[in-house]
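Working through the structure, step by step
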Amino acid sequence: MVPVRVLICSANPLARGGLEALVQGMEGLKAIGASDAAEAGSLAAQLLPDVVLLYTGRGDPAELDAIAHLSAAQPGLPIVAIGEGESSLTQALAFGASALLPMAVVRHTLRLALLAAARGLVTIPRREIAALLPEEEPIEASVGAPAESLTPREVEVLQLMARGLTNRQIARRLEISEHTVKFHAGAVLGKLSARSRAEAVARAIGLGWILV
């Protein structure tokens with residue numbers, strides 16, 4: 001199996017070295033380089049990693065900005081963020097991270113999160129889900145909607161819902177209208193027989209569509 005190529009990013013040299021050594025010892029993963037936030041975008045363009053492992057420290061603005069800059073420089077590049085504070089984790093998601101993990105994350109969970117991110121999946125600690133879901137207008141599920149697989153677009157909307165994005169933010173991210181987002185969100189709730197975003201995300205987790 002071709003290993004997933006991981007780029008390590010942190011302003012802290014000790015953190016970079018520790019994470020690089022940790023990743024090198026994980027099955028199916030390969031650390032291909034390490035850099036600080038300022039060089040991450042250009043290095044990613046050179047090395048073409050499958051995923052970036054970024055240490056956000058205590059949520060300093062410069063560290064969180066690195067996620068947004070890296071997402072802008074390399075659109076679609078999965079970023080797994082590790083932070084020491086809950087606020088940094090929440091903000092990192094909004095800035096474009098594919099996974100939000102605490103510093104206390106166990107080795108096995110980190111490995112699975114990196115592998116999942118490289119495959120386009122979102123990983124969120126279970127205890128963070130309720131806090132990340134927005135409190136906005138309820139979305140009514142379609143009555144009698146058939147139980148069937150989600151379309152690729154509906155999966156995209158579901159994953160962004162799990163990240164805590166509002167309908168307007170999802171519309172901007174996917175470059176579609178807010179009305180279309182509401183339509184897809186309603187279809188997701190209907191197919192999952194869910195009455196709310198939180199319930200839809202929880203059921204998606206149970207089906208293995210979103211990892212926690």
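Residues numbered from 1 in each chain as written. Predicted model: local features only at pLDDT ≥ 70, side-chain atom pairs only at ≥ 80, totals over all residues. Heavy atoms only, no water.

Of the regular secondary structure elements, the protein holds ten helices and five strands. Within the protein, buried positions represent 49% of all 212 residues. Taking contacts inside the protein between residues at least 6 apart in sequence as the whole, the part at least 24 apart equals 69%. When the accessible surface of the protein is split by element, carbon and sulfur atoms take 55% of a total near 10,300 Å². (Helix = DSSP H or I, 4+ residues; strand = E, 2+ residues; numbered from the N terminus. Buried < 20%, exposed > 50% of the residue type's maximum accessible area, 1.4 Å probe, protein only. Contact = heavy atoms within 4.5 Å. Areas by Shrake-Rupley, 256 points an atom, 1.4 Å probe, with all protein chains shown as cover.)

Here the largest pocket defines a volume of roughly 440 Å³. Secondary structure elements with two or more residues in the lining of the largest pocket: α7 (152-162) and α8 (167-174). Ranked by residues supplied to the lining of the largest pocket, first place goes to α7 with three residues. For the lining of the largest pocket, the residue count by class is nine nonpolar, seven polar and three charged. (1 Å grid on protein atoms, 1.4 Å probe; cavity = no way out; pocket = protein on both sides within 12 Å on 5 of 7 lines; lining within 4 Å. Points joined across faces, edges and corners; volume = space filled by probe spheres on them. Nonpolar A, V, L, I, M, F, W, Y, C, P; charged D, E, K, R; others polar.)

Another aspect to go through is the pairing of strand β4 (residues 79-83). The two faces of the sheet receive side chains in turn, since in a regular strand these alternate between them. The element β4 is largely enclosed, with a buried count of five among its five residues. By the bridge criterion, four bridges tie β4 to strand β5 (residues 99-102) in an arrangement that is parallel. Along β5, the bridge assignment pairs glycine 83 with proline 102. (Pairing = 2+ DSSP bridges.)

Turning our attention to the nonpolar core. Among the nonpolar cores identified, the biggest contains 23 residues, and Leu158, Ile170 and Ile210 are the most heavily contacted of them. Ranked by the residues each element gives to this core, the list is headed by α7, at five residues. Those residues in contact with isoleucine 210 that lie beyond four places of it in its chain are Val122, Leu158, Ala162, Val201, Ala204 and Ile205. Formed by 22 residues, the second largest nonpolar core is a distinct cluster that contains Val4, Ile8, Tyr55 and Leu114. (Core = buried A, V, L, I, M, F, W, Y, C linked by side-chain atoms within 4.5 Å.)

Moving on: the environment of arginine 153. The topology assignment puts arginine 153 in helix α7. Sequence spacing of arginine 153 and alanine 185 is 32 residues, and the spatial spacing of their C-alpha atoms is 10.0 Å.

With respect to burial, strand β3 (residues 51-55) is a largely interior element, five of its five residues being buried. Residue alternation in β3 divides its side chains into two sets, Val51, Leu53 and Tyr55 and Val52 and Leu54, and both sets are buried. For strand β1 (residues 4-9) and β3, the ladder comprises four bridges, and the chain directions are parallel. Residue pairing across strands places leucine 7 opposite valine 52, the latter belonging to β3. Strand direction decides the pairing type here: β3 and β4, joined by four bridges, are parallel.

Now for the confidence of the model for the protein. Across the protein, the average pLDDT comes to 80, with 80% of residues at or above 70. In this model, residues 137-147 is a region of pLDDT below 50 whose contacts with residues beyond four sequence positions or in other chains number 18 contacts. (pLDDT = per-residue confidence, 0-100.)

Here we have five strands laid out as an open sheet, ordered β2-β1-β3-β4-β5, and parallel in their pairing. Every other strand in the sheet has two partners, leaving β2 (29-35) and β5 as the edge strands with one partner each. Mean inter-strand twist for the sheet, computed between neighbouring axes without regard to direction, equals 25 degrees. Its contacts with the sheet place helix α1 (residues 13-24) against β1, β2, β3 and β4, and it is angled at close to 165 degrees to β2. (Axes fitted to C-alpha atoms, helices over the stretch in contact; angles between N-to-C directions.)

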